[in-house]
Amino acid sequence: MPDTPPGSFARVAIDVPIVHVGASLFDYAITPEFADAVRVGSWVVVPWGRGRRVGLVAERSDHSEIDTARVRPLVAVLDDAPVLPPSWLELVRFCADYYHRGFGEVALPAIPKLLRTPPAPKARGSAFARARKRFVAAAAAEVASTPPPLNDAQIAALDVLLAANGFGVHLLHGVTGSGKTEVYLHWLSEVLARHANGQVLLLVPEIALTPQLATQVAARFPAHSVAVLHSDLADGDRAAHWLAAVEGRARVVIGTRLAVLAPLPALAAIVVDEEHDASYKQQEGVRYSARDLAIACASQRKVPIVLGSATPSLETWFSARRGRYRLLALPERVGGARLPALERVDLRGKTLRCELAPASIDAIAEALGRGEQALVFINRRGYAPVLACEGCGWLSRCSECSAFRVLHRVGAARGPSKYRLVCHHCSAEQAVPRVCPDCGNVDLEPLGRGTQRLEEGLAELFPGRRIARLDRDVARTRGAAQKVIDAAHAGDVDILVGTQMLAKGHDFRRLTLVVAVDSDGGLFSSDFRAPERMFATLMQVAGRAGRDPDEAQVARSRVIVQTRFPDHPLFGYLARHDYAGFADQQLAERREVGLPPYRFQALLRAEAPVLVDALAFLAQAKQAGESLQAGKGPQGLARASAESLRDDAVALLDPVPMAMTRLAGRERAQLLVEASARRPLHAFLRAWLPALRDLRSSARWQLDVDPLEI
Ligand SMILES: [Zn+2]
Ligand SMILES: [Zn+2]
């Protein structure tokens, strides 16, 4: 680490939104007693208003732009804390710049809460000492696993990775069951063998569902301690694992999106598993994409990175097609297993029982008759999506959101008390009314089906069969999801019912049938990414079938997709397992209409108690942006190159209400900014944000760069 320049002022990052204060770093005076202890990357306690906060020293300087009489001194230096490395500060700076947020807004939330709480004046033992003591590396699975032999495609991919030197992005595109994980693990273990103190980072979408992942990985790296980072960890454990990673004691770090912002001083390789997964995008605060940040991090640190998926995001696929990423293909399942046959079942004109067409019911009966398992997939949790009055047409709308409250079965009791109405957006809950609130009718009917009602219907259709459900409601109880998965593995379940939670990486050996109940949701959505998401989900769910090494079992494995649009091209690609065909067709469509990845987007969202206020704010914002582009903005032209602003490279669309306008009692609207390249987009945003801060409005607003949902 280079020597910190001397200076009597520290520029400190604090977790306050830049939107409100306009500044990103705050100046504090360094009194002589701290002169030697304060370095760039040091943790300090500073006065903030009437309280104190923990901040990070981002710069040292011998002058302050603020009147020095007003600069307050630092209160303390946390000398037990690790000085954070320059490489990490650089990543934070990139993230703050790219997403147009404050340095502290990125840096501080990336640190576990326990470590960024100012120590109590008489605290005994520092939080750091306690966290160091607490660290227990993820335990290895009981049976130390011997790596299975790799097939030719896996070996070819691995050879390319082993030859990788310095920065490079690799897309490992492998069909479901093709053994991507084995390629990662072989590669990472070789990286660790080559770098004496090197660290590797494995990002995964959701860890809480697959706690066995950490133990499996730990079993493969018996010589190294494995740290696990995700938001469901208890505060103390998160601090302990984070510190072990930062101090280099953990050489393998597995985590969800937040792990990308863990400072890893000896980072040597990164893997982003299921890189297409939407959970990599943070949906509040600084809306970063962990996948994109991982690539930026790999580039800064000059290390290789692997993105893995059976259904890569179109952005990633596009880069691979253009040769910016190296494409490594695993076109076949391990052991030579075939992909299951996929059939479309036309729902038109069919009498359904429990949402299932006769052909689907027959297929389930056949699979069960052979002693095999069936998976019934529906992407809707709860009992029924809406409760309705047959008399007057009343529907169980949420009073706070533009959405329906979903009927949920909550207990074993009989009668209406066994149900609740729950809003999936604002979480508001209410008892089920005994009579219609509008007309007093006593006949209230659930419309449609969610996982709970499907489970109930299947129990009636297949009496005596063992049925298990997996969705977010089940997973809320710690360990419950794992229990369902273990039971399925042990053969104690005949029919699995659930949401896309069932789609993620589970190897159910006796599963030979998958039925997707309602596959049409994503076909006609207003969100241009809906078909991409739908294709990925169906491909993942379908991939659960026929994974047993037994050939005969694989040969009779089936996937049934129920649809009212059997001729839709998406299903054709799906039936042929043709991701590349689907992706190329989607890219052609997007190029035609000018959507990402051919154009770049930022979304300004505003919310207010009434919609007109949100729209009025956005109208002002648009006007301010247009003034900048016309060269009238004094602030703007000073800050950004006039050329890029005048250029018609950046377009501001009209403000519109969001698809789901009302959420938790507030009305929401959005303004889309589009550009033909990143550079003019960011130049524009840099000039525009100060102008937005100056607007007078009661609306709350935030900017989302590269939004995933529009
Ligand atoms: Zn009614
Ligand atoms: Zn609601």
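As shown above, the structure is provided for reference.
Rules used in this analysis
Residues numbered from 1 in each chain as written. Chains lettered and ligands numbered in written order. Predicted model: local features only at pLDDT ≥ 70, side-chain atom pairs only at ≥ 80, totals over all residues. Heavy atoms only, no water. 1 Å grid on protein atoms, 1.4 Å probe; cavity = no way out; pocket = protein on both sides within 12 Å on 5 of 7 lines; lining within 4 Å. Points joined across faces, edges and corners; volume = space filled by probe spheres on them. Nonpolar A, V, L, I, M, F, W, Y, C, P; charged D, E, K, R; others polar. Donors = N, O, S within 2.8 Å, 3.2 Å for Na, K, Ca; no water. Buried < 20%, exposed > 50% of the residue type's maximum accessible area, 1.4 Å probe, protein only. Phe/Tyr/Trp six-rings, centres within 6.5 Å; stacked < 30°, edge-to-face > 60°. Helix = DSSP H or I, 4+ residues; strand = E, 2+ residues; numbered from the N terminus. Pairing = 2+ DSSP bridges. Axes fitted to C-alpha atoms, helices over the stretch in contact; angles between N-to-C directions. Parallel < 35°, antiparallel > 145°, perpendicular 65-115°, else oblique. Left-handed = near helix turned anticlockwise from the far one by under 90°. Contact = heavy atoms within 4.5 Å.

Points about empty space enclosed by the protein
Link 1 in the chain: Applying the stated rule across the entire model yields two cavities of 30 Å³ or more.
Link 2 in the chain: Around the largest cavity, the lining residues are Val175, Thr176, Leu339, Pro340, Leu342, Met539, Ala542, Gly543, Leu574 and His577.
Link 3 in the chain: Classifying every residue of the lining of the largest cavity by side-chain character gives seven nonpolar, three polar and no charged.
Link 4 in the chain: Around the second largest cavity sit 13 residues that line it, and Leu91, Ala262, Leu264, Cys297 and Arg301 are the ones nearest its centre.

Digging into the coordination of the zinc ion (ligand 2)
Link 1 in the chain: Coordination of the zinc ion (ligand 2) by the protein involves Cys398 (SG), Cys401 (SG), Cys423 (SG) and Cys426 (SG), with metal-donor separations of 2.3 to 2.4 Å.
Link 2 in the chain: Relative accessible area serves as the criterion here: at 5%, Cys398 is assigned to the buried category.

Some details on the packing of aromatic side chains
Link 1 in the chain: Applying the stated criterion across every chain yields a total of 14 aromatic pairs.
Link 2 in the chain: For the ring pair Phe26 and Trp48, a centre distance of 5.0 Å and an interplane angle of 75° mean the geometry is edge-to-face. Remark: Trp48 occurs in strand 3 (residues 43-48) and Phe26 occurs in strand 2 (residues 26-29); sequence separation between them is 22 residues.
Link 3 in the chain: Relative to Tyr579, the ring of Phe535 has its centre 6.4 Å away and its plane inclined at 55°; by these criteria the two rings are tilted. You can see Phe535 sitting in helix 15 (residues 530-542) and its partner Tyr579 sitting in helix 18 (residues 579-593), a full 44 residues away along the chain. Considered together, Phe535 and Tyr579 belong to a single accessibility category, that of buried residues.
Link 4 in the chain: Ring-pair connections join several aromatic residues into one group, and the members of that group are Trp317, Phe535, Tyr573, Tyr579 and Phe582.

Quick word on the sheet that holds strand 3
Link 1 in the chain: Read across the sheet, five strands follow the order 2-1-4-3-5 without closing on themselves; strand pairing throughout is antiparallel. Whereas interior strands pair on both sides, the edge strands pair on one side only; in this sheet they are strand 2 and strand 5 (76-77).
Link 2 in the chain: One ladder, built from two bridges, connects strand 3 with strand 5; its direction is antiparallel. Note that in strand 5 the partner of Val45 across the bridge is Ala76.

Some words on the packing of helix 5 (residues 152-163) against helix 6 (residues 180-194)
Link 1 in the chain: Axis separation between helix 5 and helix 6 bottoms out at 10 Å; the angle between their running directions is 30°. Our classification of the angle between helix 5 and helix 6 gives roughly parallel. The two elements helix 5 and helix 6 meet at a crossing, and its hand is right-handed. Of the residues in helix 6, those in contact with Gln154, Ala157, Leu158, Leu161 and Leu162 of helix 5 are Glu182, Val183, His186, Trp187, Glu190 and Arg194.
Link 2 in the chain: Of the residues belonging to the contact of helix 5 with helix 6, the class tally is six nonpolar, two polar and three charged.

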